[in-house]
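Descriptive analysis of the structure
Okay, here's what each chain looks like letter by letter:
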Amino acid sequence: MLKRLTGSGISLLLGAMLSMTYHPASAEVLVVVSAEAPFTRLTSSDLRDVYLGRRTLIVNGAQVVPLDLTEGTAARSEFYTRYTGQTPAQIKAHWARQIFTGRGQPPQALANSRAVVERLVSDAKALGYIDPSFLDERLRVVTIE
């Protein structure tokens, strides 16, 4: 079969094969809270623990309510990969175990960044992540240390 492929045919075949394995970062996310929230900094371990259901209070004693995006969104995949080091499949398995053992429920999942923003501005305890294009004066970006 390879003998019959021309140079351009081989290039197309190789390009198609590479495109199936190369997945650039497809979504940038910002971790945000309401402008009224009592905190603007979190350690990476605090953020990970909040989103994995291990804690609801952060170092300064503030209660945090994590908000999530629905499964399958690029922003959700990017967030969990970047901030927890886990794939969406690993996160799904984590929450399946937590629910099965009665140890917790996953964060509330909202349909899109706009819904996350609206929930954040109505609840100073809420913590979420959004597409940067949805950032406005009602929100503050959380610094992750």
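Residues numbered from 1 in each chain as written. Predicted model: local features only at pLDDT ≥ 70, side-chain atom pairs only at ≥ 80, totals over all residues. Heavy atoms only, no water.

**So, the overall build of the protein**
Scanning the protein for helices and strands turns up 5 helices and 7 strands. The order of helices and strands in the protein, counted from the N terminus, is α-β-β-α-β-α-α-β-α-β-β-β. Put simply, the protein has 145 residues, and 33% of those count as buried. Contacts in the protein between residues at least 24 apart in sequence constitute 69% of all its contacts with a sequence separation of at least 6. Of the roughly 8700 Å² of accessible surface on the protein, 57% is carried by carbon and sulfur atoms. (Helix = DSSP H or I, 4+ residues; strand = E, 2+ residues; numbered from the N terminus. Buried < 20%, exposed > 50% of the residue type's maximum accessible area, 1.4 Å probe, protein only. Contact = heavy atoms within 4.5 Å. Areas by Shrake-Rupley, 256 points an atom, 1.4 Å probe, with all protein chains shown as cover.)

**Overview of the packing of aromatic side chains**
On inspection of all chains with the given rule, the structure shows 6 aromatic pairs. Note on Tyr51 and Tyr80: the rings are 6.2 Å apart at their centroids and 80° apart in plane angle, and the pair reads as edge-to-face. Highlighted residues: Tyr51 in helix H2 (residues 44-51) and Tyr80 in helix H3 (residues 74-84), separated in sequence by 29 residues. Here Tyr51 falls in the buried class, since its relative accessible area comes to 0%. Take Tyr80: its relative accessible area is 1%, and that puts it in the buried class. Between Phe79 and Tyr129, the ring centres sit 4.1 Å apart and the planes meet at 5°, which makes this aromatic pair stacked. Linking Phe79 in helix H3 with Tyr129 in strand S5 (residues 126-130), this pair joins segments that are 50 residues apart in sequence. Just as Phe79 is buried, Tyr129 falls in that class too. Each residue in the set Tyr51, Phe79, Tyr80, Tyr83 and Tyr129 is aromatic and connected to the rest through ring pairs, giving one cluster. (Phe/Tyr/Trp six-rings, centres within 6.5 Å; stacked < 30°, edge-to-face > 60°.)

**Section: the confidence of the model for the protein**
It should be kept in mind that the predicted coordinates are not to be read in detail where pLDDT is low. Here the protein averages 85 in pLDDT, while 81% of its residues score no lower than 70. Counting interchain partners and residues more than four positions distant, the pLDDT-below-50 stretch residues 5-25 has 3 contacts. (pLDDT = per-residue confidence, 0-100.)

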